[in-house]
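A look at the structure
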Amino acid sequence: MTTARPALDPELRELLADMPLMPQLSPDVLAQLRRLPSTPVEPLLAHRQIDRREVTVPAKDGVPIPLSVFSPANSDPATGAPCVYWMHGGGMVMGDRFSQIDIPLEWLDEFGAVVVSVDYRLAPEATGTALVDDCYQGLLWVAEHAAELGIDPARIVVAGASAGGGLAAGVTLLARDLGAPAIAAQMLICPMLDHRNVSTSSRQYAGGPGVWTREMNEFGWRAVLGDLTDDEVPAYVSPALADDLSGLPTTYIDTGSAEVFRDEDTDYATRIWAAGGQAELHVWAGGFHGFDALYPQARISATARRTRTDWLARLLLPDSAT
């Protein structure tokens, strides 16, 4: 029986009609996708006055993890800028530290934020907690070098999209449980939070081609989890498993009504509220997975991106008009 689905936003539907869609991922398809050239970062930097620094940070097992640091040129390190620590999307199996980097670079423009993007290792070459541990080690380095980077350690925001949103949630849980570093907020954009893949929305977006389908999601999670059984999956890897969502920093979550992650994302916000925390949730009617990253020119995308920026402005610049 066909499962009914929320309709796509009309403008997005028209744009999506020109995009080739896949029903699922496989090792061969993944290998082909990884051979495609990555999105160059240079065109995004060309019109901006930005200082760029490339560093590596040792992972827990000593493997060097690349970080890209983007700072407003001629900024005064003594003033202490906000920082956005960015984790890219790609289903845990694709992408690099420049994927979707246009999103946090808008916050560099808007707030003078220092943007740090981490090139965590990908599954299936890295499994279990390796990905989230890589991200956490990078965040520790940022906090420890805040003064050198011109960052206000009280205004560090962890942010990510899709797989990166799930990793941002896992990093935030780790930081809470380990007591460091301090995180001012987490920005979770259509986050990949639940390996169980059993929600109504995951079933709605199964059995056909799409931007990110239930079958693709299963592939991504299998790549990360390897041979782990459900009882062995850590909540830092699949944050929806966390029993306790209390004590988290203020949280922004957005998702589309027409995507796999809709229900796990809305449930995560609901559970933060139930634990006494603060979360802002937006479910964009007719939005498919990653709509605002793929088609930033669409009206719904512009609204979604502006709404995130306005939320960050209230958090990071409380004394300024937005």
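Let me sum up the structure you'll find in this document. (Residues numbered from 1 in each chain as written. Predicted model: local features only at pLDDT ≥ 70, side-chain atom pairs only at ≥ 80, totals over all residues. Heavy atoms only, no water.)

A word on the pairing of strand β4 (residues 114-118)
A large share of β4 lies buried, amounting to 5 of its 5 residues. Of the two faces of β4, both are covered, the one formed by V114, V116 and V118 as well as the one formed by V115 and S117. With 4 bridges connecting them, strand β2 (residues 64-72) and β4 associate as antiparallel partners. Looking at the pairing, V69 lines up with V116 of β4. The sheet contact formed by strand β3 (residues 81-87) and β4 spans 5 bridges and is parallel. Within the sheet, the bridge partner assigned to V84 lies in β4 and is V115. (Buried < 20%, exposed > 50% of the residue type's maximum accessible area, 1.4 Å probe, protein only. Helix = DSSP H or I, 4+ residues; strand = E, 2+ residues; numbered from the N terminus. Pairing = 2+ DSSP bridges.)

Some details on the packing of helix α4 (residues 102-111) against helix α12 (residues 299-316)
Contact pair α4 / α12: the axes reach a minimum separation of 11 Å and the direction vectors enclose 45°. Classed by the angle they form, the pair α4 and α12 counts as oblique. With respect to the hand of their crossing, α4 and α12 are arranged in right-handed fashion. Taken together, the residues of α12 that come into contact with α4 (itself represented by D102, I103, E106, W107, E110 and F111) are R305, R308, T309, L312, A313 and L316. Its residues placed into classes, the contact of α4 with α12 shows 6 nonpolar, 1 polar and 5 charged. (Axes fitted to C-alpha atoms, helices over the stretch in contact; angles between N-to-C directions. Parallel < 35°, antiparallel > 145°, perpendicular 65-115°, else oblique. Left-handed = near helix turned anticlockwise from the far one by under 90°. Contact = heavy atoms within 4.5 Å. Nonpolar A, V, L, I, M, F, W, Y, C, P; charged D, E, K, R; others polar.)

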